[in-house]
Amino acid sequence: METTQTENRGLLTRTRASELKDESWNAFSDAPFDFETSVLDLWGDTQKSYYHACTANRFSEQYLKLSEVLEKNIRKLGSCCLTKTVLEQKGTDCSKLSDLSINELVRMVSFHLRKTHAAFEGIYKDNNILGITYLNWEFRWFDLGNRLKATEVKIQDIKDGKINVDSMLKEAETFKGQERTNTNPEPPKSLRANPSALPVQGSMARVLLQVEADENMKAEAIRKERERKLKEAERLERRADRVLGGFSPAKPFGPDKKDLAQIDRVHAQRLREEAEKLPHQDSKPESDPVEADISPEEGIPEEEARRILLEDAVKRNDQEAIKAIPVEETPELHSRWERYVARVEREALHSSAGPTEKTRKALREKRKKKKR
């Protein structure tokens, strides 16, 4: 019984390699392929490869890989054009292959001959690099184009009756008209097949395994980001608890410590909410390492630096900085501290009264770092 072949489909990217199901051993016919239908498929697949080679960046590895495949395919399709001419001369209808011609193949070659030349010129002029790979490709495309033109000359000789095509016709029509033999859905009993055996060379499964690895890496990054937010929230809450537990009146020019503690709590709650929104994974996070404040400047704890910057912002009535400093992440706080130290150094140079004790401390820490 003839089995019906379903539409050729690919795989969903989230399919796992372990979930790939075995296919029926007779999913496809084993009837000897006929020239017209098979070449039509090859021509269509080559056109897809040609499109992607055309759109790939000329300096990318992807373009060179596609060029390798495309060059071989065009060369083989040139031979198919010759066979098509032989069959048509003997009365065989090959109308489905009307779009396949040496002219079309030469146009493909011409496109990439110019593209590789442009790549060679580009890296030579702009990067002072002699792109030998692209120079080699120029010659490969040039040689292929000449071979195709020679094939076209031979095709014209066939059409003019100058070449005997009988031997060519025998090869094209070998096994023509034979039916398929693998109609039985069960494999032959003589075949001692091991269904669990796996091939050792690369396949689509390798791509899927790479997808799984990428997903695992993404999941690990999400887990670490959630862990970081929760740890930072806990640190802010502990700091707020210490401030509120040992409250002392703020300096006249400084912000109220209760207000700072409340800001810490709000920031901690926001971090917890952001961590909760991140996708949860089955893997459990590793145990928290011992907490250690990261200093935006060596010798100055982060908490102290944040306090100094906040007092400075209040003095300057910088409302934007007053709001940002309590909730700023360590890298941004580090940059702000660098700007602050540079500014107080400039102010100290132009001040007749000399720097304050707090400024002297900041300058001492800056000089210590420079000496190291």
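Whatever comes next refers back to the structure up there.
Calculation rules
- Residues numbered from 1 in each chain as written.
- Predicted model: local features only at pLDDT ≥ 70, side-chain atom pairs only at ≥ 80, totals over all residues.
- Heavy atoms only, no water.
- Helix = DSSP H or I, 4+ residues; strand = E, 2+ residues; numbered from the N terminus.
- Buried < 20%, exposed > 50% of the residue type's maximum accessible area, 1.4 Å probe, protein only.
- Contact = heavy atoms within 4.5 Å.
- Areas by Shrake-Rupley, 256 points an atom, 1.4 Å probe, with all protein chains shown as cover.
- Axes fitted to C-alpha atoms, helices over the stretch in contact; angles between N-to-C directions.
- Parallel < 35°, antiparallel > 145°, perpendicular 65-115°, else oblique.
- Left-handed = near helix turned anticlockwise from the far one by under 90°.
- Nonpolar A, V, L, I, M, F, W, Y, C, P; charged D, E, K, R; others polar.
- Expected span 1.5 Å × (residues − 1).
- Patch = residues over 30% accessible without salt bridge, like charges linked within 9 Å, V, L, I, M, F, W, Y side chains within 5 Å.
- Salt bridge = Lys/Arg side-chain N within 4 Å of Asp/Glu carboxyl O.

**Things to note about the overall build of the protein**
The helix and strand tally for the protein stands at 11 helices and 0 strands. Sequence-ordered secondary structure for the protein, helices as α and strands as β, is α-α-α-α-α-α-α-α-α-α-α. Buried positions account for 30% of the 372 residues belonging to the protein. Nonlocal contacts in the protein, meaning residues at least 24 apart in sequence, comprise 76% of its contacts between residues at least 6 apart. Accessible area for the protein stands at about 25500 Å²; split by element, carbon and sulfur atoms hold 53% of it.

**With respect to the side chain of Ser 67**
Along the polypeptide, Ser 67 turns up in helix α2 (residues 61-89). With residues up to four places along the chain from it excluded, the contact list for Ser 67 reads Trp 137 and Trp 141.

**Considering the packing of helix α1 (residues 35-55) against helix α3 (residues 102-127)**
What describes two packed helices is the angle between their axes and the distance between those same axes. Interhelical geometry of α1 versus α3 gives an angle of 20° and a closest axis separation of 11 Å. Considered as vectors, α1 and α3 are oriented roughly parallel to each other. The crossing of α1 and α3 is left-handed. Here Trp 43, Gln 47, Tyr 50, Ala 53, Cys 54 and Thr 55 of α1 lie close against α3, whose contacting residues are Glu 104, Leu 105, Arg 107, Met 108, Phe 111, His 112 and Lys 115. Partitioned by chemical class, the residues of the contact of α1 with α3 number 7 nonpolar, 3 polar and 3 charged.

**Considering the environment of Leu 271**
Looking at the secondary structure, you find Leu 271 in helix α7 (residues 257-277). Sequence separation of Leu 271 and Ala 233 is 38 residues, and the distance between their C-alpha atoms is 5.9 Å. For Leu 271, the contacting residues outside a window of four places in its chain are Lys 229, Glu 232, Ala 233, Leu 236 and Glu 329.

**A word on the environment of Tyr 63**
By the secondary structure assignment, Tyr 63 is in helix α2. Residue Tyr 63 is classed as buried on the basis of its relative accessible area of 0%. Considering only alpha carbons, one finds Tyr 63 and His 52, 11 residues apart in sequence, at a separation of 8.2 Å. Apart from residues lying up to four places away in sequence, Tyr 63 is in contact with Ala 53, Ala 56, Asn 57, Arg 58, His 112, Lys 115 and Thr 116.

**Here's the deal with α2**
In a regular helix each residue adds 1.5 Å, so 29 residues correspond to 42 Å; α2 covers 43 Å between its end C-alpha atoms and thus fits that length. Following α2 by one or two positions, Gly 91 adopts a phi angle in the positive range, close to 90°.

**Details of a nonpolar patch on the surface**
Together, Tyr 124, Leu 130 and Ile 132 make up a nonpolar patch on the protein surface, roughly 300 Å² of accessible area in all. With respect to the secondary-structure elements, Tyr 124 resides in helix α3.

**Structural notes on the pattern of salt bridges**
Here the structure, examined in full by the defined rule, presents 12 salt bridges. When the shortest N-O distance is used, the salt bridge between Arg 223 and Glu 227 registers 3.0 Å. Taken together, the positions of Arg 223 and Glu 227, both in helix α6 (residues 204-245) and 4 residues apart, correspond to about one turn of that helix. The exposure classification of Arg 223 matches that of Glu 227, with both residues buried. In this structure, Arg 316 and Asp 312 form a salt bridge, with 2.8 Å as the shortest nitrogen-oxygen distance. Looking at Arg 316, the relative accessible area reads 41%, which means it is partly exposed. Among the ionic contacts, a cluster of salt bridges with common partners joins Glu 68, Glu 71, Arg 75 and Arg 140.

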